[in-house]
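# A look at the structure
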Amino acid sequence: MTATVTTARTGRAEDGQGPDGGRTRRRLPRVPDRIRRGGLPYLLLLPAVVLELLVHLIPMVIGIVMSFRQLTQFYISNWGEAPWTGLENFRVAVDFDAPIGQALLHSFFVTCVFTVCSVALCWLFGVSAAILLQENFRGRGVLRAVFLVPYALPVYAAVITWAFMFQRDNGLINHVLYDQLGLSGPPAFWLIGDNSFYALIVVAVWKSWPFAFLIVMAGLQNIPRELYEAASIDGAGIWQQIRRITLPSLRPVNQVLVLVLFLWTFNDFNTPYVLFGKSAPEAADLISIHIYQSSFVTWNFGSGSAMSVLLLLFLLLVTAVYLLLTTRGRKGSDV
C-alpha cells in the first residue's frame with residue numbers, strides 16, 4: 001500500500017489506497033484545530049486558577065511580606081512605607097518569656113487540645129453512625145438525612161443558635177439541666193470561664209461530625225458484603241467483624257479523613273468568633289482568634305502576619321510528617 005501524507009501546516013488531503021483498490025482522500029486536522037482541542041481543558045480550568053490566585057495565593061504572599069514589616073496602624077494608609085524589620089516579628093512571637101509569646105503559647109496549647117478532642121469525637125461519632133446505618137431497616141433514609149442536617153446548615157446560623165442555647169438565664173441547655181433534670185447548683189455560665197472550652201467542643205463536634213459520617217458511609221460502600229457473610233459463617237461476631245474487616249478496609253479513608261478534620265479544626269475561625277465574639281475567653285482562646293486579635297484589635301498586622309506564617313509552617317510540617325508515616329505504614333501493610 002502506498003500513501004502520500006500531506007503536512008498539517010498546509011492542510012492538504014492525504015492520498016491512499018482503499019480496500020477496493022480505489023483512491024481515498026482524508027483531510028488532516030489543521031494546527032489551530034489541534035490547539036483549540038488540546039487547549040480546551042486548560043481554558044475551562046482558567047477561571048478556577050484565577051480565583052485560586054486571587055483568594056488564596058496572592059493574599060498568602062502578601063501576608064508573608066507583611067510579616068517582615070513593622071506594619072501598625074500608623075502605616076495602614078500606605079503599608080508599603082512600613083519599616084522592614086526582618087525576623088523581629090517572629091522573634092517577638094516565639095519569645096515565651098515575654099507576654100506576647102506566653103499568650104501565643106497558651107493559645108497554641110488550647111488549640112491542640114481542642115483539635116485532638118474534636119477530631120477524635122467527630123471520627124468516633126461518624127464511624128459509629130455510618131456502621132449502624134449500613135443495615136437495611138425502616139427509616140434508615142430519614143436518619144441519614146437528619147444526621148446530615150448540621151453539615152448542611154450555614155455555619156453562622158447554626159453557631160448563633162447554639163449561642164442562644166448556651167445563655168445562662170434563658171438558654172435551653174441550663175433549662176434542661178437545672179429546671180427539668182433538677183441538677184444541684186446554680187445555672188452555669190457556658191460562654192465565659194472554663195466552661196467555654198466545653199461549649200466550643202460541643203458546637204464544633206456537632207457541626208463537623210456529619211462530614212465524617214458522610215465520608216465513612218461512602219467508604220463502606222466499597223467493602224464487599226461477601227466478607228461479612230463469610231465472617232458470620234465462620235462464627236465472627238459484630239465486634240470482630242468491625243475490628244477485622246471494617247476498620248482495616250476503611251484505613252485509607254480514615255487517613256484522609258483525619259487529616260482533613262485536623263486541618264479544618266485547627267484553622268477554625270468561624271465557630272469561636274460567632275460563639276464568643278472578637279474576644280474569646282482565655283479557656284477557649286484558639287490560635288485563629290488570637291491571630292485575629294493581634295492583627296485587627298491591636299492593629300499590629302506585622303505581628304499577626306508573623307503568627308500566621310508560623311501557623312502555616314506548623315501545619316505544613318504536621319501534614320508532611322503525617323503523610324510520610326501513613327504512606328510508609330500503607331506500604332508496609334501491602335507487603
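Preceding this section is the structure that the text describes.
The following refers to the structure shown. (Residues numbered from 1 in each chain as written. Predicted model: local features only at pLDDT ≥ 70, side-chain atom pairs only at ≥ 80, totals over all residues. Heavy atoms only, no water.)

Below, the discussion takes up unusual backbone geometry. Despite not being glycine, tryptophan 299 has its phi angle at roughly 60°, a positive value. Considering the arrangement of structural elements, one finds tryptophan 299 in the loop between α13 (287–297) and α14 (301–334). Overall, tryptophan 299 belongs to the partly exposed group, its relative accessible area being 38%. (Helix = DSSP H or I, 4+ residues; strand = E, 2+ residues; numbered from the N terminus. Buried < 20%, exposed > 50% of the residue type's maximum accessible area, 1.4 Å probe, protein only.)

Okay, the pattern of salt bridges next. One pass over the full model with this rule turns up 4 salt bridges. Of the charged contacts, one joins arginine 168 and aspartate 169 as a salt bridge, the two residues approaching to 2.9 Å between their closest N and O atoms. Arginine 168 gets classed as partly exposed once you look at its relative accessible area, which sits at 26%. The shortest N-O distance in the salt bridge between aspartate 268 and lysine 207 comes to 3.9 Å. Here aspartate 268 is found in the loop between α11 (251–266) and α12 (270–276), whereas its partner lysine 207 is found in helix α8 (residues 195–220), with 61 residues between them in sequence. Both residues of the pair, aspartate 268 and lysine 207, count as buried. (Salt bridge = Lys/Arg side-chain N within 4 Å of Asp/Glu carboxyl O.)

On to helix α6 (residues 155–165), then. Among all positions of α6, only Ala158, Val159, Trp162 and Ala163 are buried. Along the long axis of α6, the arc covered by the buried residues comes to 140°, so they all point the same way. In this fold, the buried residues of α6 make contact with α7 (172–180), α8 and α12. (Arc of directions from axis to C-beta. Contact = heavy atoms within 4.5 Å.)

Moving on to the packing of α6 against α8. It is at 11 Å that the axes of α6 and α8 come closest, and there the two elements cross at 140°. Viewed along their axes, α6 and α8 form a crossing whose handedness is right-handed. Here Val155, Ala158, Val159 and Trp162 of α6 lie close against α8, whose contacting residues are Val202, Val203, Trp206 and Lys207. Residues that form the contact of α6 with α8 fall into these classes: 7 nonpolar, no polar and 1 charged. (Axes fitted to C-alpha atoms, helices over the stretch in contact; angles between N-to-C directions. Left-handed = near helix turned anticlockwise from the far one by under 90°. Nonpolar A, V, L, I, M, F, W, Y, C, P; charged D, E, K, R; others polar.)

Counting 47 residues, the largest nonpolar core has Phe166 and Leu275 as its most contacted members. At the level of elements, α3 (99–132), α6, α7, α8, α9 (225–233), α10 (238–249), α11 and α12 are the ones that each hand at least two residues to this core. Of all the elements, α8 adds the most residues to this core, at 14 residues. If we ignore the near neighbours within four places in the chain, the residues touching phenylalanine 166 are Ile173, Trp190, Leu191, Ala199, Val202 and Val203. The next biggest cluster of nonpolar side chains, apart from the first, holds 9 residues, and it includes Ala93, Phe262, Ile291 and Met307. (Core = buried A, V, L, I, M, F, W, Y, C linked by side-chain atoms within 4.5 Å.)

One can describe the packing of α3 onto α8 by two numbers: an axis separation of 6 Å at closest approach and a directional angle of 40°. One way to sum up the angle between α3 and α8 is to call them oblique. Here α3 and α8 pass one another in a crossing that is right-handed. Tallied by class, residues from the contact of α3 with α8 come to 23 nonpolar, 3 polar and no charged. (Parallel < 35°, antiparallel > 145°, perpendicular 65-115°, else oblique.)

Let's shift gears to the packing of aromatic side chains. Summed over all chains, the structure comprises 21 aromatic pairs. Judged by centre distance (5.5 Å) and plane angle (45°), the ring pair of phenylalanine 262 and phenylalanine 266 falls under tilted. Of this pair, phenylalanine 262 and phenylalanine 266 are both found in helix α11, 4 residues apart, which corresponds to roughly one turn of the helix. The exposure class assigned to phenylalanine 266 is buried, which follows from its relative accessible area of 2%. Among the aromatic residues, those joined into a cluster by ring pairs are Phe269, Tyr273, Tyr292, Phe296, Trp299 and Phe301. (Phe/Tyr/Trp six-rings, centres within 6.5 Å; stacked < 30°, edge-to-face > 60°.)

Geometric descriptors of this kind do not, in isolation, establish any biological role.
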